[in-house]
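# Examination of the molecular architecture
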Amino acid sequence: MTEHSPLPPAPARPDRVIVLCTGRCGSTTLARACAHLDGWTAAHESRTHLTGPARLDYPARHIEVDNRLSWYLGRLARDIGDDAAYVHLTRDPEAVAQSFARRANQGILRAYRQDILTHTRWRQPKSPLIEQCRDHVDTVTANIEAFLATRRHVMRMRLENISADFDRFCDWIGATGDLGAARAELAHRHNATQGDHPA
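The structure contained in this document is the topic of the report that follows. (Residues numbered from 1 in each chain as written. Predicted model: local features only at pLDDT ≥ 70, side-chain atom pairs only at ≥ 80, totals over all residues. Heavy atoms only, no water.)

### Considering helix 6 (residues 129-148)
Its 20 residues give helix 6 an end-to-end C-alpha distance of 29 Å, which sits within 8% of 28 Å, the value for a rise of 1.5 Å per residue. Of all the positions in helix 6, only Ile130, Gln132, Cys133, His136, Val137, Val140, Ile144, Phe147 and Leu148 are classed as buried. Down the axis of helix 6, the buried set is contained in an arc of 165°. They therefore lie on one face. Every exposed residue of helix 6 that faces more than 90 degrees away from the buried side is listed here: Asp138 and Ala146. (Helix = DSSP H or I, 4+ residues; strand = E, 2+ residues; numbered from the N terminus. Expected span 1.5 Å × (residues − 1). Buried < 20%, exposed > 50% of the residue type's maximum accessible area, 1.4 Å probe, protein only. Arc of directions from axis to C-beta.)

### What about the sheet that holds strand 4 (residues 85-90)?
Taking strand neighbours across the sheet as the criterion, the five strands line up as 2-3-1-4-5 in an open arrangement whose pairing is parallel. Of all the strands in the sheet, the pair left with one neighbour each is strand 2 (41-44) and strand 5 (154-158). Put simply, the sheet's adjacent strands are angled 20° from each other on average, direction ignored. Bridge analysis of strand 1 (residues 16-20) against strand 4 gives four bridges, and the strand direction is parallel. (Pairing = 2+ DSSP bridges. Axes fitted to C-alpha atoms, helices over the stretch in contact; angles between N-to-C directions.)

### As for the pattern of salt bridges
Tallying each qualifying case throughout the model produces 10 salt bridges. Between Arg68 and Glu45 there is a salt bridge, with the nearest N and O atoms lying 3.4 Å from each other. Of the two residues, Arg68 is situated in the loop between strand 3 (62-65) and helix 2 (73-79) and Glu45 in the loop between strand 2 and strand 3; the sequence distance between them amounts to 23 residues. Note that Arg156 and Glu145 form a salt bridge whose closest N and O atoms lie 2.8 Å from each other. (Salt bridge = Lys/Arg side-chain N within 4 Å of Asp/Glu carboxyl O.)

### What to know about the packing of aromatic side chains
Scanning the model with the defined rule gives two aromatic pairs in all. Pairing Tyr86 with Phe147 gives two aromatic rings, centres 5.1 Å apart and planes at 85°, and the pair type is edge-to-face. Taken together, the positions of Tyr86 in strand 4 and Phe147 in helix 6 put the pair 61 residues apart, joining distant regions of the chain. The burial state of Tyr86 is the same as that of Phe147; both residues are buried. Centre to centre, the rings of Phe166 and Phe169 are 6.2 Å apart; their planes meet at 35°, and the pair counts as tilted. You can see Phe166 and its partner Phe169 sitting in helix 7 (residues 162-173), three residues apart, about one turn around the helix. Residue classification places Phe169 among the buried residues on the basis of a relative accessible area of 1%. (Phe/Tyr/Trp six-rings, centres within 6.5 Å; stacked < 30°, edge-to-face > 60°.)

### Some remarks on the packing of helix 7 against helix 8 (residues 179-187)
Remark: helix 7 packs on helix 8, axes separated minimally by 10 Å, with the N-to-C direction vectors making an angle of 140°. Classified by chirality, the crossing of helix 8 by helix 7 is right-handed. Here helix 7 contributes Ile162, Ser163, Phe166, Asp167 and Cys170 to the contact with helix 8, which in turn contributes Leu179, Ala182, Arg183 and Leu186. (Left-handed = near helix turned anticlockwise from the far one by under 90°. Contact = heavy atoms within 4.5 Å.)

### Considerations on the pairing of strand 1
Burial analysis of strand 1 places five of its five residues in the buried class, the great majority of the element. Neither face of strand 1 is left uncovered, since the one carrying Arg16, Ile18 and Leu20 and the one carrying Val17 and Val19 both have all their residues buried. Two elements, strand 1 and strand 3, share four bridges in a ladder whose sense is parallel. The residue bridging Val19 from the neighbouring strand is Val65, located in strand 3.

### Description of the state of the cysteines
One covalent bond between the sulfur atoms of two cysteine residues makes up a disulfide. Per the counting criterion, the structure on display carries zero disulfides. Cys21 carries a free sulfur, and the closest cysteine sulfur to it, the one in Cys25, is 3.9 Å from it. Looking at Cys25, the relative accessible area reads 1%, which means it is buried. (Disulfide = S-S within 2.5 Å.)

### Observations concerning unusual backbone geometry
Of note in this structure, Glu45 is not a glycine but carries a positive phi near 55°. Look at Glu45 and you get partly exposed, because its relative accessible area is 23%.

### Some thoughts on the environment of Leu148
Checked against the element boundaries, Leu148 lands in helix 6. By relative accessible area, Leu148 is classed as buried at 4%. Between the C-alpha atom of Leu148 and that of Ala77, which follows or precedes it by 71 residues, the distance is 9.7 Å. In contact with Leu148, other than residues within four places in its own chain, are Leu20, Tyr86, His88, Val154 and Arg156.

Read these as geometric descriptors, not functional statements.
Now the structure itself:
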């Protein structure tokens, strides 16, 4: 009889979930829906004010939704790696860019326009605002996809399919809870810009 090497054990399901996204794609809505899952905590941008190890020190059984983590991917790889599961939450890129354009003078988009692009408004004054927003969305999305290409536990969710994707997500992490209340959160427009979808 030929001896076979035993199969490697199946990877344990991580007890932390990190949701990466551009922002303006349903991140607040998803965090609020996840708050209705039993045995999990969930938060939106809960540690953005911290530096050093504390910035990424998420507790066990926690779901964190934070668009700014797209600028911490090297540290995520180094300090957490495959000890977390990762979700890439997306929305139609043009819709995201248009939403950012309506909030161009605040938050991460203002920082991108004024500092990452190094004062484009003065050095390239004819650069359309929407092109700067599209550039931001494309850059962040590419950063996230490159990071996720080397991760073991990855799921993708789309705002346009959020209800069905949320059910898949719950199955993926083995979560139960008040799913009726969670779905009601998904149907509500959280942090939406006028004329926009949930963000």
